[in-house]
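Examination of the molecular architecture
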Amino acid sequence: MTAYLEVAEGVGTIRLDRPPMNALDIATQDRIKELAEEASRRDDVRAVVVRGGDKAFAAGADIKEMQVMDHAAMIVRSRALQDSFTAVARIPKPVVAAVTGYALGGGCELALCADFRIAADNAKLGQPEILLGLIPGAGGTQRLARLVGPSKAKDLIFTGRQVKAEEALAIGLVDRVVPAAEVYEQAHVWAAKLAQGPALALRAAKESIDVGLETDIDTGLAVERNWFAGLFATEDRERGMRSFVEEGPGKAKFL
């Protein structure tokens, strides 16, 4: 297996395992999609961590595999490539990327699919596709621009340069930088904490934010409004409000 799913404490960890650099060949791309869909379905998975190895989160696509593909082959494959990453972005649960070592090309694009990115202090991220005469094809032109803004995204994509963890933090490409040995532990702690929260409300919050970023504000407000009202039919809402009234804020225990 080039990737697998482990579950503990309500956290499903999608682990990339294709040494030495976790190059994202077709088999790995398809496997990522399978695991993302499994994590989405499973009731015992309430939050997700995506991680790679110590040397590389994922160092991009398998260039040797891509080199022999012609235009017709890539027309077919490019949709499947995007779909594999979109499956991660659409996991209806909190997702954190634990970024260690290199996260380049498709590796950076995979990290962009998470809700939160914790990076090692020695991490390097970038979209070097321009150096191959290409552009990012797994969502990088869209998700990177939405995350860091169009100007910074164009800087990274036009030049293909790699950014170190400190710069990635400064421009908003990652959300936290920690010592390399602590990346996965802190990612798991973050995910495990959210795994104890109200699952439907977290799903509603994620969908409302993500849909709102992709549409006009009136449509986004309608999505928010519908979810807000709908949550009044849930046991979690009853539990949360009852706990607030009887015990004070922040003490509710959700199933």
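Here, the structure is the one placed above.
These lines cover the structure that appears in this document, whether it is placed above or below. Treat the numbers as computed from the prediction; the structure is a model and nothing was measured.

So, the sheet that holds strand β4 (residues 56-58)
Taken in spatial order, the four strands line up as β4-β6-β8-β9 in an open sheet, and their pairing is mixed. Two strands close off the open sheet at either side, each with one partner strand: β4 and β9 (162-164). Each neighbouring strand pair of the sheet contributes to a mean axis angle of 20°, computed without reference to strand direction. In this structure, strand β8 (residues 124-126) lies alongside β9, joined through three bridges in antiparallel fashion. Opposite Lys 124, over in β9, you have Lys 164 as the bridge partner.

A closer look at a nonpolar patch on the surface
A contiguous nonpolar surface patch, about 260 Å² in accessible area, is contributed by Ile 63, Leu 132 and Leu 134. Tracing the sequence through the fold places Ile 63 in helix α2 (residues 63-67).

Observations concerning the pairing of strand β5 (residues 95-99)
Here β5 lies mainly inside the structure; five of its five residues are buried. Burial of the side chains of β5 extends over both faces: Val 95, Ala 97 and Val 99 are buried on one face and Val 96 and Ala 98 on the other. Bridge count for strand β3 (residues 47-51) against β5 is four bridges, and the pairing is parallel. Across the sheet, Val 50 pairs through a bridge with Ala 97, a residue of β5. In terms of strand pairing, β5 meets strand β7 (residues 116-120) through four bridges, oriented parallel. Residue pairing for β7: Val 99 is matched across the bridge by Ala 119.

Some details on the pattern of salt bridges
For side chains bearing opposite charge, pairing can occur when the charged atoms are close. In total, this model carries 12 salt bridges according to the counting rule given. One salt bridge in this structure joins Asp 30 and Arg 77, with 2.9 Å as the shortest N-O distance. Within this pair, whereas Asp 30 is found in helix α1 (residues 26-41), its partner Arg 77 is found in helix α3 (residues 71-89), the two being separated by 47 residues in sequence. With its nearest N and O atoms 3.1 Å apart, the salt bridge here joins Glu 34 to Arg 31. Highlighted residues: Glu 34 and Arg 31, both in helix α1, separated by three residues, approximately one helical turn. The exposure class assigned to Glu 34 is partly exposed, which follows from its relative accessible area of 44%. Where salt bridges share partners, they join Arg 18, Asp 25 and Asp 62 into one cluster.

Comments concerning the layout of surface pockets
In this structure, the largest pocket spans a volume of roughly 990 Å³. Lining the largest pocket we find 30 residues, and of these Ala 89, Cys 113, Arg 143, Asp 210 and Glu 214 sit closest to its centre. When contributions to the lining of the largest pocket are tallied by element, the ones reaching two or more residues are α3, α5 (140-148) and α9 (199-213). Among the elements that line the lining of the largest pocket, the one with the most residues is α9, at nine residues. Classifying every residue of the lining of the largest pocket gives 13 nonpolar, four polar and 13 charged. Put simply, the second largest pocket is a space of about 650 Å³. What lines the second largest pocket is a set of 33 residues, among which Ala 61, Met 66, Glu 129, Leu 134 and Ile 135 lie closest to the centre. Sorting the residues of the lining of the second largest pocket by element identifies α1, α2, α3 and α4 (106-112) as the ones contributing at least two each. Of all the elements, α3 adds the most residues to the lining of the second largest pocket, at six residues. Among the residues forming the lining of the second largest pocket, the class breakdown is 20 nonpolar, seven polar and six charged.

So, how was this worked out
Residues numbered from 1 in each chain as written. Predicted model: local features only at pLDDT ≥ 70, side-chain atom pairs only at ≥ 80, totals over all residues. Heavy atoms only, no water. Pairing = 2+ DSSP bridges. Helix = DSSP H or I, 4+ residues; strand = E, 2+ residues; numbered from the N terminus. Axes fitted to C-alpha atoms, helices over the stretch in contact; angles between N-to-C directions. Patch = residues over 30% accessible without salt bridge, like charges linked within 9 Å, V, L, I, M, F, W, Y side chains within 5 Å. Areas by Shrake-Rupley, 256 points an atom, 1.4 Å probe, with all protein chains shown as cover. Salt bridge = Lys/Arg side-chain N within 4 Å of Asp/Glu carboxyl O. Buried < 20%, exposed > 50% of the residue type's maximum accessible area, 1.4 Å probe, protein only. 1 Å grid on protein atoms, 1.4 Å probe; cavity = no way out; pocket = protein on both sides within 12 Å on 5 of 7 lines; lining within 4 Å. Points joined across faces, edges and corners; volume = space filled by probe spheres on them. Nonpolar A, V, L, I, M, F, W, Y, C, P; charged D, E, K, R; others polar.

Without other data, these values stay purely geometric and don't point to any function.
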